[in-house]
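Overview (structure and organization)
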Amino acid sequence: MEEKMADEIFEELGYKKKNLDIIFSRFWEEWENEDLAKTFSFNTEYETIDITDENRYGITMQELQAINKKVEELGWLD
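Residues numbered from 1 in each chain as written. Predicted model: local features only at pLDDT ≥ 70, side-chain atom pairs only at ≥ 80, totals over all residues. Heavy atoms only, no water.

Now for the layout of surface pockets. Of the volumes computed, that of the largest pocket is approximately 180 Å³. In terms of lining residues, the largest pocket is bounded by Met1, Glu2, Glu3, Lys4, Ile9, Glu12, Leu13, Gln62, Gln65 and Lys69. Listed by contribution, the elements that provide at least two residues to the lining of the largest pocket are helix H1 (6–12) and helix H2 (61–73). Broken down by element, the residue count for the lining of the largest pocket peaks at three residues, all from H2. Partitioning the lining of the largest pocket into residue classes produces three nonpolar, two polar and five charged. (1 Å grid on protein atoms, 1.4 Å probe; cavity = no way out; pocket = protein on both sides within 12 Å on 5 of 7 lines; lining within 4 Å. Points joined across faces, edges and corners; volume = space filled by probe spheres on them. Helix = DSSP H or I, 4+ residues; strand = E, 2+ residues; numbered from the N terminus. Nonpolar A, V, L, I, M, F, W, Y, C, P; charged D, E, K, R; others polar.)

Encoded structure:
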């Protein structure tokens, strides 16, 4: 079975990739789930992840899997 890409996992979890302006998007990738009031922001310039979780649900194992896969795809583990 083929391994899923991070974007596919985020989409399956109900997240949508936010459209950022062209300059801002050079350094950021954001995934937002409006129903959960939660956003994951990947700063590709500084290799950091910002998490906004208005309901303070924490991170599920599936979300952690998507985050880990995105970090791997961005080459941050090299």
